[in-house]
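Here is what each chain is made of, one letter per residue.
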Amino acid sequence: TYFMSVNRNKRSITVDMKKPEGLKIVKDLVKSCDVVVENFVPGTTKTLGIDYESLKKENEKLVYASISGFGSDGPRATRRGYDVMLSALGGLMSITGEPNGPPVKVGVALTDVITGLWVKSAISSALLCRYQTGKGSFIECSLLDAQISSLVNVASAYLNADVVGKRWGTAHPSIVPYQAFSVKDG
């Protein structure tokens, strides 16, 4: 059911983009599509000839979204990124779990979901812009950027008051009552 939950209403084909005939198939598809979303390690699309600069030659109105673990530049740009790894690195796991327990991952791939929501929002904006200007756009979002942005009040407390976030279980540092309570029927 997990596969179905993230792939419903999608149609797919298998293409070997390292072969000229595969690259031609991709470029022919791009001529009639609105949006391309890719999540290769930065640099891979350029090597394959499917980066934004290459594909916008096929379709100037193309909206191209690039998702990576760490962004396209910087010391970790060429590293792969995975939800649980970026949840730990970005700080989400350090504030999730019981106060005296170890860091815990969230029950769903929240970093992936948040990144997808950021990209979806950016794509919607880019499509509106294209409608107004007739021009396509390049969008870039990293799992790390999206993960850190999700820390909202915890990140703000650290950046503005040097308060390091901690695990509160189901409680909250500022809002009371907020935590889960046992009730008579379970």
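Look up a bit, the structure's there.
Residues numbered from 1 in each chain as written. Predicted model: local features only at pLDDT ≥ 70, side-chain atom pairs only at ≥ 80, totals over all residues. Heavy atoms only, no water.

Caption draft 1: Representation of the overall build of the protein chain in the model. Along its length, the protein chain carries eight helices and three strands. Start at the N end of the protein chain and walk to the C end: the helices and strands fall as α-α-β-α-α-β-α-α-β-α-α. Its C-alpha radius of gyration of 20 Å places the protein chain more than 25% over the 16 Å reference for a compact globule of 186 residues. When its C-alpha atoms are laid out on the principal axes, the protein chain stretches across 65 × 40 × 35 Å. When the accessible surface of the protein chain is split by element, carbon and sulfur atoms take 57% of a total near 12,800 Å². Computed over 22 positive and 17 negative side-chain charges, the inter-centroid distance for the protein chain is 3 Å. (Helix = DSSP H or I, 4+ residues; strand = E, 2+ residues; numbered from the N terminus. Rg over C-alpha atoms; globule rule 2.2 N^0.38 Å. Areas by Shrake-Rupley, 256 points an atom, 1.4 Å probe, with all protein chains shown as cover. Lys, Arg positive; Asp, Glu negative; His and termini not counted. Charge placed at Lys NZ, Arg CZ, Asp CG, Glu CD.)

Caption draft 2: A look at the pattern of salt bridges. Following the criterion strictly, the structure yields five salt bridges and no others. As a salt-bridge pair, Asp28 and Lys24 come within 2.7 Å of each other at their nearest N and O atoms. With a gap of four residues between them, Asp28 and Lys24 both fall in helix H2 (residues 20-30), about one helical turn apart. The exposure class assigned to Asp28 is partly exposed, which follows from its relative accessible area of 33%. Between Lys31 and Glu58 there is a salt bridge; the shortest N-O distance is 3.9 Å. On the criterion of sequence distance, the pair formed by Lys31 in the loop between H2 and strand S1 (35-38) and Glu58 in the loop between helix H4 (52-55) and strand S2 (63-68) is long-range, its members being 27 residues apart. Residues joined by salt bridges that share partners form a network here, namely Lys24, Asp28, Lys31 and Glu58. (Salt bridge = Lys/Arg side-chain N within 4 Å of Asp/Glu carboxyl O. Buried < 20%, exposed > 50% of the residue type's maximum accessible area, 1.4 Å probe, protein only.)

Caption draft 3: Structural view of the packing of aromatic side chains. The tally for this structure, following the rule as stated, stands at three aromatic pairs. Judged by centre distance (5.9 Å) and plane angle (25°), the rings of Tyr64 and Phe138 are stacked. With a gap of 74 residues between them, Tyr64 in strand S2 and Phe138 in strand S3 (residues 137-142) connect regions that are remote in the sequence. The buried category is assigned to Tyr64, whose relative accessible area is 1%. (Phe/Tyr/Trp six-rings, centres within 6.5 Å; stacked < 30°, edge-to-face > 60°.)

Caption draft 4: Just the sheet that holds S2, in detail. Spatial strand order, S1-S2-S3: three strands in an open sheet with parallel pairing. Among the strands making up the open sheet, the edge pair consists of S1 and S3. The mean angle between the axes of side-by-side strands here comes to 15°, regardless of whether they run parallel or antiparallel. Bridge analysis of S2 against S3 gives six bridges, and the strand direction is parallel. In the sheet register, Val63 faces S3, and the bridge partner there is Ser137. Of the strands in this sheet, S1, S2 and S3 touch helix H6 (residues 110-133), which is tilted by about 165° from S3. (Pairing = 2+ DSSP bridges. Axes fitted to C-alpha atoms, helices over the stretch in contact; angles between N-to-C directions. Contact = heavy atoms within 4.5 Å.)

Caption draft 5: Region of the structure containing the state of the cysteines. For the structure shown, the criterion picks out zero disulfides. The closest cysteine sulfur to the non-disulfide-bonded Cys129 is located on Cys33, 17 Å from its own sulfur. Take Cys141: it sits in no disulfide, and the sulfur closest to it among the cysteines is that of Cys129, at 18 Å. (Disulfide = S-S within 2.5 Å.)

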